[in-house]
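Below, each chain spelled out in residue letters.
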Amino acid sequence: MKSKIILFLSTVICIIALFCLNASAAENRYNDYVIDDGGLLSYSEELEISEALADVEEATGIYVRLYLHNYEYTRIDIYDYQQIAGKSFDNLVLLVVSYEYGEYYYELFTNGSPDVDITDSEADKILDNNEVYDNIKSGNLYEGISACIPLLKTALLGTLRNGFSEVFVPSLIIAIIVAVVACVIVIAKYNKKLHSPSYPLDKYARLDLNVSKDTFITRTVTRVRVSSPSRRSGGGGGGRGGGSRGRR
């Protein structure tokens, strides 16, 4: 009986030790992805965000990190982060979230190839995303950061940029609208010019036509006479020379 109890207790201890070992390994794996100096995230939130950042890093080959703090009037950039992390990064995307005087702020920094991979317009699209902005500014940091990470991954993979149709179709519609408006304005001004007198004669003078008649001045008629050889018919009596009618 004692041996069974000992065996059971040994099994339980092994399971607990294995669980703690796995948790410690997971913590050691992800402890570099998120540095929360302000205590703005819970442990579980920090672990889930670290896993998401690790997936992005594995898919893109770019270091993606998150730093949170509550230092008032302190701006943390990539160089400050490298000193805090004790590590230098050649290609890095850094998201900094801070809490200062009751207000949440967030910034995106890039170093190395991400400077080219993520354009300014893409960075604006990420930071101005409704789910990112509304959640972070309202204090829902986990939701806002979780919404930001997939956008970072998409931008690093080069698929966040607008496609040809997304740019061409709106541009074409705007061009057509501008052309139609310009034509309408030109036609309206032209018609207004035709209907309005070039000189306001009615304002300065008045003409009453009482008599109207037509006077025939002259007429010119040109006559040309064309002669043809006379022809005589046989037989008695003289003949009469033929002629030609006049031509005006």
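None of these values were measured; they are calculated from a predicted model.

Chemist: How would you summarise the side chain of Q82 if you had to cite specific residues and measurements?
Modeler: Within the secondary structure, Q82 sits in helix 3 (residues 78–85). Within polar-contact distance, the side chain of Q82 engages the backbone nitrogen of F89 at 2.9 Å. Once residues lying within four places of it in the same chain are set aside, the contact partners of Q82 are K87, S88, F89 and N111.

Chemist: Describe a nonpolar patch on the surface, listing the residues and the values that go with them.
Modeler: Judged by side-chain polarity, I173, I177, V181 and I185 come together as a nonpolar surface patch covering roughly 350 Å² of accessible area. Relative to the helices and strands, V181 is located in helix 8 (residues 164–195). The exposure class assigned to V181 is partly exposed, which follows from its relative accessible area of 43%.

Chemist: So, the pattern of salt bridges: which residues are in play, and what are the values?
Modeler: Here the structure, examined in full by the defined rule, presents three salt bridges. In this structure, E103 engages K137 in a salt bridge whose closest nitrogen and oxygen atoms are separated by 3.4 Å. Of the two residues, E103 is situated in strand 4 (residues 103–111) and K137 in helix 6 (residues 130–137); the sequence distance between them amounts to 34 residues. The exposure class of E103 is partly exposed, given its relative accessible area of 32%.

Chemist: Can you tell me about a negative patch on the surface, naming the residues and giving the values?
Modeler: Taken together, E48, E51, D55 and E58 make up a surface patch of like negative charges. On the secondary structure map, E58 appears in helix 2 (residues 43–60).

Chemist: Lay out the packing of helix 2 against helix 7 (residues 141–156) in plain terms, naming residues and giving numbers.
Modeler: Two elements in contact, helix 2 and helix 7, have axes separated by 10 Å at closest approach and are oriented at 5°. Between helix 2 and helix 7, the angle falls in the class roughly parallel. Mapping the contact onto sequence places E45, E48, I49, A52, L53, V56, A59 and T60 in helix 2 and Y142, I145, S146, I149, K153 and L156 in helix 7. Across the contact of helix 2 with helix 7, the residue classes break down as nine nonpolar, two polar and three charged.

Chemist: Describe unusual backbone geometry, with residues and values.
Modeler: A positive phi angle, close to 50°, is found at Y101, a residue other than glycine. Among the secondary structure elements, Y101 is positioned in the loop between strand 3 (92–100) and strand 4.

Chemist: Pulling in residues and values, what's your account of the nonpolar core?
Modeler: Note on soluble globular proteins: their nonpolar side chains tend to be buried together. Residues L66, V97 and I145 are the most contacted members of the largest nonpolar core, which totals 32 residues. Among the secondary structure elements, those contributing two or more residues to this core are helix 2, strand 2 (63–69), strand 3, strand 4, helix 5 (120–127), helix 6 and helix 7. A per-element tally of this core places helix 7 first, with nine residues. Other than its neighbours up to four places away in sequence, V97 contacts L40, L66, Y67, L68, H69, Y105, Y106, I136, L141 and I145. If you look at the next biggest cluster of nonpolar residues, it comprises ten residues, including Y67, Y81, L94 and V96.

Chemist: So, the packing of aromatic side chains: which residues are in play, and what are the values?
Modeler: Evaluated as defined, the whole model comprises four aromatic pairs. Geometrically, the ring pair formed by Y67 and Y81 is edge-to-face, given 6.1 Å between the ring centres and 70° between the ring planes. Taken together, the residues Y67 in strand 2 and Y81 in helix 3 connect sequence positions 14 residues apart. Residue Y67 is classed as buried on the basis of its relative accessible area of 0%. Residue Y81 is classed as buried on the basis of its relative accessible area of 0%. Three or more aromatic residues joined by ring pairs make a cluster, and in this case those are Y63, Y67, Y81 and F89. Sitting over the face of the ring of Y33, R65 holds its NZ or CZ atom 4.4 Å from the ring centroid. Residue placement shows K137 over the ring face of Y105; its charged tip is 4.7 Å from the ring centre.

Chemist: Quick one: what's the story with helix 2, residue by residue and with numbers?
Modeler: Taking 1.5 Å of rise per residue, the 18 residues of helix 2 would be expected to cover 26 Å, and the 26 Å separating its terminal C-alpha atoms lies within 8% of that figure. The complete set of buried residues in helix 2 reads I49, S50, L53, A54, V56, E57 and T60. Buried residues of helix 2, viewed axially, fall in a sector of 160°; they line one side. Immediately downstream of helix 2, the backbone of G61 shows phi near 75°, a positive value.

Reading the values: rules and limits
- Residues numbered from 1 in each chain as written.
- Predicted model: local features only at pLDDT ≥ 70, side-chain atom pairs only at ≥ 80, totals over all residues.
- Heavy atoms only, no water.
- Helix = DSSP H or I, 4+ residues; strand = E, 2+ residues; numbered from the N terminus.
- Polar contact = N/O pair within 3.5 Å; in protein donor to acceptor, adjacent residues only side chain to side chain.
- Contact = heavy atoms within 4.5 Å.
- Patch = residues over 30% accessible without salt bridge, like charges linked within 9 Å, V, L, I, M, F, W, Y side chains within 5 Å.
- Areas by Shrake-Rupley, 256 points an atom, 1.4 Å probe, with all protein chains shown as cover.
- Salt bridge = Lys/Arg side-chain N within 4 Å of Asp/Glu carboxyl O.
- Buried < 20%, exposed > 50% of the residue type's maximum accessible area, 1.4 Å probe, protein only.
- Lys, Arg positive; Asp, Glu negative; His and termini not counted.
- Charge placed at Lys NZ, Arg CZ, Asp CG, Glu CD.
- Axes fitted to C-alpha atoms, helices over the stretch in contact; angles between N-to-C directions.
- Parallel < 35°, antiparallel > 145°, perpendicular 65-115°, else oblique.
- Nonpolar A, V, L, I, M, F, W, Y, C, P; charged D, E, K, R; others polar.
- Core = buried A, V, L, I, M, F, W, Y, C linked by side-chain atoms within 4.5 Å.
- Phe/Tyr/Trp six-rings, centres within 6.5 Å; stacked < 30°, edge-to-face > 60°.
- Lys NZ or Arg CZ within 6 Å of the ring centre and 35° of its normal.
- Expected span 1.5 Å × (residues − 1).
- Arc of directions from axis to C-beta.

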